Amino acid sequence: MEYPERRHLAPFLLRGTLQYQCAQTTVPTPFFHKTLEDTMASKLEALDRWVAEVAALTRPARIHWCDGSDAEYQSLVQQMLADGTLIELNQRTHPGCYLHRSHPSDVARVEHLTLVCHPDEEDAGPNNHWMDPAAAHAKIDALLDGCMEGRTMYVIPYCMGPIDSPLARCGVEITDSPYVVANMKIMTRMGAPAQARIERESSFVKGLHSVGELDPERRWIMHFPAELTIKSYGSGYGGNALLGKKCHALRIASNQARDEGWLAEHMLIVGIENPRGETHYVAAAFPSACGKTNLSMLIPPEGYLRDGWKVWTVGDDICWMHPGADGQLYAINPEAGFFGVAPGTSDSTNHNALTSISHDTIFTNVAVTADNQPWWEGLPGTPVTDWQGRPYDPAKGPAAHPNSRFTVSAKQCPTWSEQAEASQGVPISAIVFGGRRPSLLPLVMEARDWTHGVLMGAAMGSETTAAATGAVGVLRRDSMAMKPFCGYHYGDYFAHWLSFDRPGAKLPKIFHVNWFRKGADGKFLWPGFGDNLRVLEWMIERAEGRVDGVETPIGILPGEGELKLDGLGLDRARLDELLDVDNAGWQAELSAIGEYLASFTPRLPERLHREQQRVAQALEDDAGQSRREAIAF
Ligand code: OXD
Ligand code: MN
């Protein structure tokens, strides 16, 4: 390997001013071999050393250490407006809002190009794509070699979670994309305070990103959990390029969480305050683009609002849960912003999101109206330019890309919870799993205990969405909504979940919901959105032991009158359908779950296998009964 001459590296090691001229000359020198100086290297030097190594490989024209200031953000915005990376939107209706159009082939996560490179292939599990770490480094380093020539290399120190929280973890992303820097400023606690924490701590996640040539044939998202390292090349799309998000806070963090005894999950966190002023926090896992953002900032139905119910948003996508000294699970949202799916976000589905993104927001791949306002399917108004910048033509598909996004600071959300900054996190009363299931899965069911809840999470299935490349609307198993994000073998992950059930633990109840069940007419049976609070209320009542529910072989369902449906106009037949347990359908489902779980043998925990068998047997014993007979409706 070739490194710049030492004297050329010196400027990298001096920080404090913003820009450095990088050496273009490279000479073979064993600069990074162990010297006395190296052995005395401070933690600070570990960061400098890595930045210098990356600069030697990628050979940027300039290096910019990000301080995370507003002035820095504004200057990046001006630079991107000047070179066309950003387009100014209507500043009267949307002050501080900009549009970015990505390369048309670079609009979503690329699961087939996303690798988890454990030294032992077995540790990646059948749920991940794997490559030997040495081969993976060689492959991607060949692409990274000289890839920043003529470009600025940005060094972004960031903290995932409140800056003073012991539950937070830090990282540094190096990128050649100013768009990534601007998004990281919104999505993480980025800049000087994070750098100060990194310099105090013993380790940080190293993320190296280059947009490369944005060529789908030269694109990889690689994770090296044992080295706390991420390398991403060839994509500027959020999930592939904002390395603090999916790559760090889920794939790498899930490994850290297993080693350190906590959980890094693809979950929203929402606080529900009842009229007595008590707030219960719920963490909910749904696959991408299944309504996590909407649920995290829902507006209570009319009657609930009148009675004084309130909703508090802590997070919309990622949740880190740690067991506290009192045995409860405490959660933080490691992110500081929302990277939400735009289409479908409207006044009726998510008024709070719409308010949040009315200013100081980066939009990616949305359409625009004649007066230059951002537009997507579901909003009033008419698009004139589509997400690719072409005159809008319905024959060419939707105006906004189905995975178009907004990036906005969480603090702009009207329901933003101050508790999102609490360094100890918020106590979790209920964990919810759910997916898009047009049939079979009832509106809500509760696991009878933790093991059953882990089975419910492991068995989760959902129709695929546009958040990842590939077919949309195909049912796939997505355990705990972590299929694209669990950075190690699912069998070990299930065992890790089960391990939380130990003496002294005061674990939350686990539920499964399905907002997406359809009737014979193909229409959704449940109105969803704000009315989902009715289901959350039932869960909280169950957590508090105020309602009994009804036991069925698949779990505990709401008993007669326990779901508050007043003002909803839901007729009896639809409610029966929503809560129906089709025994034969469920027996087939349990057998499909059994087959799916068997794919994780020999690492599938025996306890989970036995639980699947228990539910299958309970269904067999109950065959011939319909739920309605069982609870004598
Ligand atoms: C996301 C995703 O962007 O899950 O949150 O794809
Ligand atoms: Mn997500």
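The structure under discussion appears in the preceding block.
Residues numbered from 1 in each chain as written. Chains lettered and ligands numbered in written order. Predicted model: local features only at pLDDT ≥ 70, side-chain atom pairs only at ≥ 80, totals over all residues. Heavy atoms only, no water.

Undergrad: Which parts of the structure should I look at to understand the site of ligand 1?
TA: As a structural note, the neighbourhood of ligand 1 is formed by R109, K245, K246, H266, S288, D317, R405, A467 and F485. At 2.5 Å, a side-chain N or O of S288 approaches an oxygen atom of ligand 1. One of the side-chain N or O atoms of D317 is found 3.2 Å from an oxygen atom in ligand 1. For ligand 1, the protein covers 96% of the area, taking 210 Å² as the surface of the free molecule. Considered class by class, the residues forming the shell around ligand 1 number two nonpolar, two polar and five charged. (Near = heavy atom within 4 Å. Polar contact = N/O pair within 3.5 Å; in protein donor to acceptor, adjacent residues only side chain to side chain. Areas by Shrake-Rupley, 256 points an atom, 1.4 Å probe, with all protein chains shown as cover. Nonpolar A, V, L, I, M, F, W, Y, C, P; charged D, E, K, R; others polar.)

Undergrad: I'm lost on helix 10 (residues 244-260) in this one. Help?
TA: For helix 10, spanning 17 residues, the distance from its first C-alpha to its last is only 19 Å, which falls clearly below the expected 24 Å at 1.5 Å a residue. A253 marks where helix 10 bends most, by close to 50 degrees. Counted residue by residue, helix 10 has 14 buried out of 17 residues, so it is predominantly covered. Downstream of helix 10 by one or two residues, G261 has phi in the positive range, about 85 degrees. (Helix = DSSP H or I, 4+ residues; strand = E, 2+ residues; numbered from the N terminus. Expected span 1.5 Å × (residues − 1). Bend = angle between axes of the 7 residues up to and from the residue. Buried < 20%, exposed > 50% of the residue type's maximum accessible area, 1.4 Å probe, protein only.)

Undergrad: When you look at the nonpolar core in this model, what are you seeing that I'm missing?
TA: For soluble globular proteins, the rule of thumb is that nonpolar side chains tend to be buried together. One finds I431, F494 and W497 to be the most contacted residues of the largest nonpolar core, which totals 186 residues. Sequence-distant contacts of I431, defined by excluding residues within four places in its chain, comprise M267, A283, M321, L329, W450, W497, P508, K509, I510 and F511. (Core = buried A, V, L, I, M, F, W, Y, C linked by side-chain atoms within 4.5 Å. Contact = heavy atoms within 4.5 Å.)

Undergrad: What's the story with the pairing of strand 9 (residues 205-210) in this structure? I'm lost.
TA: For strand 9, the buried fraction is high: five of the six residues fall into the buried class. By the bridge criterion, five bridges tie strand 7 (residues 169-175) to strand 9 in an arrangement that is parallel. Residue pairing for strand 9: E173 is matched across the bridge by G207. Judged from the five bridges that link them, strand 9 and strand 11 (residues 229-233) form a sheet pairing that is parallel. In the sheet register, L208 faces strand 11, and the bridge partner there is K231. (Pairing = 2+ DSSP bridges.)

Undergrad: Just to check I follow, could you spell out the pattern of salt bridges for this structure?
TA: Charged atoms that come close allow side chains of opposite charge to pair. As enumerated under the stated definition, the model contains 36 salt bridges in all. The shortest N-O distance in the salt bridge between R258 and D259 comes to 4.0 Å. A network of salt bridges, in which partner residues are shared, links D123, R258, D259, D492 and R603. (Salt bridge = Lys/Arg side-chain N within 4 Å of Asp/Glu carboxyl O.)

Undergrad: Please clarify how the packing of aromatic side chains should be interpreted in this entry.
TA: Aromatic ring pairs are defined here through the distance separating the ring centres and the angle between the ring planes. Summed over the entire model, instances satisfying the criterion amount to 18 aromatic pairs. Among the aromatic side chains, those forming a connected cluster through ring pairs are Y488, Y490, Y493, F494, Y596 and F600. The ring of F485 has K246 sitting right over it, with the charged end atom 4.3 Å from the ring centre. When the ring centre of Y488 is taken as reference, the NZ or CZ atom of R258 above it lies at 4.0 Å. (Phe/Tyr/Trp six-rings, centres within 6.5 Å; stacked < 30°, edge-to-face > 60°. Lys NZ or Arg CZ within 6 Å of the ring centre and 35° of its normal.)

Undergrad: Looking at this model, I keep getting lost on helix 8 (residues 192-200). Mind explaining?
TA: For an α-helix the count is 3.6 residues per turn, leaving residues at separations of three or four pointing the same way. Among all positions in helix 8, only A194, Q195, R197 and I198 are buried. Relative to the axis of helix 8, the buried residues are bounded by an arc of 160 degrees and lie together on one face. In helix 8, those exposed residues whose orientation departs by more than 90 degrees from the buried face are P193 and R200. (Arc of directions from axis to C-beta.)

Undergrad: Teacher, can you tell me more about the packing of helix 14 (residues 450-458) against helix 15 (residues 490-498) here?
TA: Helix packing geometry: the angle between the two helix axes and the distance between the axes. The contact between helix 14 and helix 15 brings their axes to 10 Å, and the two run at 150 degrees. When the interaxial angle is binned, helix 14 and helix 15 end up roughly antiparallel. In the crossing of helix 14 with helix 15, the sense of the turn from one axis to the other is right-handed. Packed against helix 14, whose contacting residues are W450, T451, V454 and A458, the element helix 15 presents F494, W497 and L498 at the interface. (Axes fitted to C-alpha atoms, helices over the stretch in contact; angles between N-to-C directions. Parallel < 35°, antiparallel > 145°, perpendicular 65-115°, else oblique. Left-handed = near helix turned anticlockwise from the far one by under 90°.)

Undergrad: It is not clear to me how the coordination of the manganese ion (ligand 2) should be interpreted in this structure. Could you clarify?
TA: Tetrahedral metal sites with four donors have an ideal angle of 109.5 degrees; octahedral sites with six donors have ideal angles of 90 or 180 degrees. The protein atoms donating to the manganese ion (ligand 2) are K246 (NZ), H266 (NE2) and D317 (OD), with metal-donor distances spanning 2.1 to 2.2 Å. For the manganese ion (ligand 2), all donor residues lie on one chain, and their spacing in sequence is K-x19-H-x50-D. Of this pair, H266 sits in the loop between strand 12 (263-265) and strand 13 (267-273) while D317 sits in the loop between strand 15 (310-315) and strand 16 (319-323), placing them 51 residues apart in sequence. (Donors = N, O, S within 2.8 Å, 3.2 Å for Na, K, Ca; no water.)

Undergrad: Help me understand the sheet that holds strand 22 (residues 383-385), please; the structure alone is not making it clear to me.
TA: Strand order in this open sheet of three strands is 21-20-22, and the pairing throughout is antiparallel. In the strand order of this sheet, the two ends are held by strand 21 (374-375) and strand 22, each with one partner. Of the pairings in the sheet, the one linking strand 20 (residues 367-369) to strand 21 comprises two bridges and is antiparallel in character. Each residue of the ladder has a partner; that of A367, found in strand 21, is W375.

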